[in-house]
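# Observations on chain architecture
Okay, here's what each chain looks like letter by letter:
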Amino acid sequence: MKLLSFDDFQIGVLRDDGIVNVTSVLPDIPRPLQCYRMNLFIEEWDTIKPEVERLAKVGLAVPVDSVRLLAPVPAPRKVYAAPANYHAHRAEMAAGAAGTEAAAGQHHSGEFGMFLKSPSSVVGPQDTILRPYEDRLIHHESELVLVMGKHGSAIPLADSLDYVFGYTCGLDITVRGPEDRSKRKSFDTFSPTGPYIITADEIADPGNLEISLWVNEDLKQHAFTKDLITDCPNLIANMSWVAATEPGDLLFTGTPDGVGEIKPGDLVSIKISDVGEMSVPVKARTGPNPERD
Ligand code: MN
């Protein structure tokens, strides 16, 4: 099943003929909390699933272009991310950054750690990436994103995929430079995700997916998730040991090689086999920069 958020945090099922609104399966939520509706929907999934499936069959669909798509989880409580999680990307970063990131080699699953991106950097498939600097290197990173389904602390490796609600496409937009990752990757609009969540039952193995990214017409990144250094089960086990998962949390699994600059006017397109695809434009961010003004 493909689930998405649209308009004022409504929830829909994407069918071939359009979107069926299934928001009514949840009780009303006060307006200030409606941005968290998808988190609640995921948390209640086992209870509401039969009614969602029924509505998805019998409901009337509206055309996709008649709504505004939001990030499928518009307000995740946490956005975990894996640093440099493909060997070829580690090699290109080491080559270009004077060895500041260690070369690939023997490792255990926790070696490369994790970082957090600001949840407020999350935007959707119809939003725009805003470049905060004219004169700094800002890169695209194409990533498989896990949408976590349940509360879980120190999730056992063998059970870890049971905690995944579904999958979506993600762009981990990054300013290159000396500052902490949490700044360089947390600017507003730096985590486009979407266009929908495909539920975990439809993805037999997240370690057997193909990722491609284009800037305009040019293929820049092409890789397979079987080449992840730390695979999805180990990422979940490691990260949930640090910070417990909550329904709707996003987990960016890391980018393959081929990262490169995005500039105002570019269109960045990501496609993940069996998961989905989206294209997001890039513009310059306007307004003051307190670091410089
Ligand atoms: Mn990344």
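See above for the structure.
What comes next is a walk through the structure. (Residues numbered from 1 in each chain as written. Predicted model: local features only at pLDDT ≥ 70, side-chain atom pairs only at ≥ 80, totals over all residues. Heavy atoms only, no water.)

## Some thoughts on the pattern of salt bridges
- Counted under the stated rule, the structure contains 17 salt bridges.
- The partner of lysine 183 in a salt bridge is glutamate 179, with the nearest N and O atoms 2.8 Å apart.
- For lysine 183, a relative accessible area of 26% translates into the label partly exposed.
- A single network of salt bridges, built from pairs that share partners, joins Lys117, Glu141, Asp172, Arg176 and Lys185. (Salt bridge = Lys/Arg side-chain N within 4 Å of Asp/Glu carboxyl O. Buried < 20%, exposed > 50% of the residue type's maximum accessible area, 1.4 Å probe, protein only.)

## Description of the sheet that holds strand β8 (residues 138-140)
- The three strands lie next to each other as β11-β8-β16, forming an open sheet whose pairing is antiparallel. The outermost strands of the open sheet, each flanked by one partner alone, are β11 (174-175) and β16 (260-261).
- In terms of strand pairing, β8 meets β11 through two bridges, oriented antiparallel. Paired with isoleucine 138 across the two strands is valine 175, which belongs to β11. (Pairing = 2+ DSSP bridges. Helix = DSSP H or I, 4+ residues; strand = E, 2+ residues; numbered from the N terminus.)

## Looking at the pairing of strand β18 (residues 276-284)
- Bridge analysis of strand β7 (residues 129-131) against β18 gives three bridges, and the strand direction is parallel. Looking at β18, one finds that isoleucine 129 is bridged to valine 282.
- Direction of pairing for strand β17 (residues 267-272) relative to β18: antiparallel, over a ladder of six bridges. Across the sheet, serine 269 pairs through a bridge with serine 279, a residue of β18.
- Between β17 and β18, which follow one another and run antiparallel, lie three residues, and aspartate 274 among them has a positive phi close to 65°.

## Looking at the coordination of the manganese ion
- Looking at the metal site, the manganese ion is ligated by Glu141 (OE), Glu143 (OE) and Asp172 (OD), spaced 2.0 to 2.2 Å from it.
- Look at where the donors of the manganese ion fall in the sequence and you get E-x1-E-x28-D. Taken together, the residues glutamate 143 in strand β9 (residues 142-148) and aspartate 172 in the loop between β10 (164-171) and β11 connect sequence positions 29 residues apart. For the residue pair glutamate 143 and aspartate 172, the accessibility class agrees, reading buried in each case. (Donors = N, O, S within 2.8 Å, 3.2 Å for Na, K, Ca; no water.)

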